[in-house]
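Structural overview for review
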Amino acid sequence: MEILPRSFGEILGEGMTMMARVWRRLFAPAFWSFVLVGALTIGIFAVSDSDEFLELILSNPEALDEMSRAELLGPTLRLLQAALLAVLLNLLGTGFVNLTAHRLVAGEISGNPPTTGGAVARAFARLVTLLVAGLLVFGSVAVGLVALVIPGLWLAGCFTMVSAVVALEEVGPVEALRRSFILVQGRWWPTVGFLILVGLLGSIAAQLVQMVALPVLGASGVEIGVGLGFVVLVIAQGMIAGGIAVMTTLWYVDLRARRESLLSSSLL
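In every chain, residue numbers begin from 1 and rise along the written sequence. In keeping with the model being predicted, local features are shown solely for residues with a pLDDT of at least 70 and side-chain atom pairs are shown and tallied solely at 80 or more, while totals for entire chains, interfaces and linings include all residues. Side-chain figures throughout are based on the complete set of non-hydrogen atoms in the structure, without hydrogens or water.

A short note on helix H1 (residues 8-47)
Spelled out, the test is: The helix count covers DSSP runs of H or I at least four residues long, the strand count covers runs of E at least two residues long, and both are numbered beginning at the N terminus. How far a helix is expected to stretch is found by multiplying one less than its residue total by 1.5 Å. The bend reported for a residue corresponds to the angle between axes fitted to the seven residues ending at that residue and the seven starting there.
Here H1 is 40 residues long, yet its end C-alpha atoms lie only 47 Å apart, well below the 58 Å a rise of 1.5 Å per residue gives. At Trp23, H1 shows its maximal bend, which comes to roughly 65°. Just beyond H1, the residue with positive phi is Asp49, at close to 60°.

What follows is the structure, encoded as structure tokens:
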């Protein structure tokens, strides 16, 4: 069946329906990837003693005034290194969830939905490609921002479909950037507007989770509350990332449908 272009509202509505169709298969990969990311992040801060230095900064900043520059240099560098590793881990976890969601959604559209294991295996196989592509995007956008700011923002919008291209097309990192650039051309403003709206909906969902969860956690005792809080945070972070990826996949499919004769069976 040929896929035809749809309106902004139609894609948004279909995204809600699609999330309901794939969430059972998406839940476990999203949950466990962010559990791993969270555990590794805690380990990195603990091993480097950055957690203690961060606690000192937050709870007793006056103590920093009594430390010499030499005494501050080491802990500060370790904290920055730990924070950078934590950001990279979070990006990897988000990238993995994105790749998995793209495969699941494309499978639903094609009428040949993959199993969770199949989508996860393919996500792992394409993760290095996405990492390299992400580094290329970061470098290009950074150069554009340093140059005149506007070129950097424009490039950031042009490369928003990179993860979907990596997941669903057999291309390398450079070609993924080129394909995303081509797909977004002529649809830059609608694409950025759609993704901003989806991001805002994700932020609202995160706030709602906190509003519901905090009273429950506060009544559970300190140790139990911390543990439950970590679980709730992981679930929310994973499913919100998955929901955004679902929406992005549908937008990617629409961009392709506007540029080529796209059959549902050709998505996977």
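Here the narrative resumes.
Here's the deal with the packing of aromatic side chains
Centre distance and the angle of the planes are the two values used to describe a pair of aromatic rings. Short version of the rule: Pairing of aromatic side chains here covers Phe, Tyr and the six-membered ring of Trp, requires ring centres within 6.5 Å, and sorts the geometry by plane angle: under 30 degrees stacked, over 60 edge-to-face, intermediate tilted. Accessible area is worked out with a 1.4 Å probe on protein chains only. A residue is then buried under 20% of its type maximum, exposed over 50%, and partly exposed in between.
Counted by the stated rule, this structure contains 9 aromatic pairs. Between Phe8 and Trp251, the ring centres sit 5.9 Å apart and the planes meet at 70°, which makes this aromatic pair edge-to-face. Here the residue Phe8 occupies a position in helix H1, and Trp251 occupies one in helix H10 (residues 222-259), the gap between them amounting to 243 residues. On the accessibility criterion, Phe8 (34% relative accessible area) is partly exposed. Aromatic side chains Trp188 and Trp189 sit 4.8 Å apart centroid to centroid with 85° between the ring planes, which places their arrangement in the edge-to-face category. Trp188 sits in the buried class, given a relative accessible area of 17%. Three or more aromatic residues joined by ring pairs form one cluster here, namely Phe8, Phe194 and Trp251.

Some details on the side chain of Glu169
Quick reminder of the rule: Nitrogen and oxygen atoms within 3.5 Å of one another constitute a polar contact, given that in protein one can donate a hydrogen and the other can accept it, and given that sequence-neighbouring residues count only through two side-chain atoms.
Mapped onto the fold, Glu169 is located in the loop between helix H7 (162-168) and helix H8 (173-184). What makes Glu169 buried here is its relative accessible area of 12%. For Glu169, the side chain forms a polar contact with the side chain of Arg179, separated by 2.8 Å.

Some details on the layout of surface pockets
Short version of the rule: Only protein atoms enter the 1 Å grid used here, on which a cavity is any set of points holding a 1.4 Å probe that cannot leave and a pocket is any open set flanked by protein within 12 Å on both sides along at least five of seven lines; residues with an atom within 4 Å of a point are listed as lining. Grid points are joined across faces, edges and corners, and a volume is the space filled by probe spheres set on the points. Gly is placed with the polar residues, together with every amino acid not listed as nonpolar (Ala, Val, Leu, Ile, Met, Phe, Trp, Tyr, Cys and Pro) or charged (Asp, Glu, Lys and Arg).
Taken as a whole, the largest pocket holds about 900 Å³ of empty space. Along the wall of the largest pocket there are 29 residues; nearest its centre are Leu91, Gly95, Asn98, Leu130 and Gly134. Going through the elements one at a time, helix H4 (69-110), helix H5 (116-148), H7, helix H9 (188-218) and H10 are the ones with two or more residues in the lining of the largest pocket. The element that contributes the greatest number of residues to the lining of the largest pocket is H4, accounting for 10 residues. Classifying every residue of the lining of the largest pocket gives 20 nonpolar, 9 polar and no charged.

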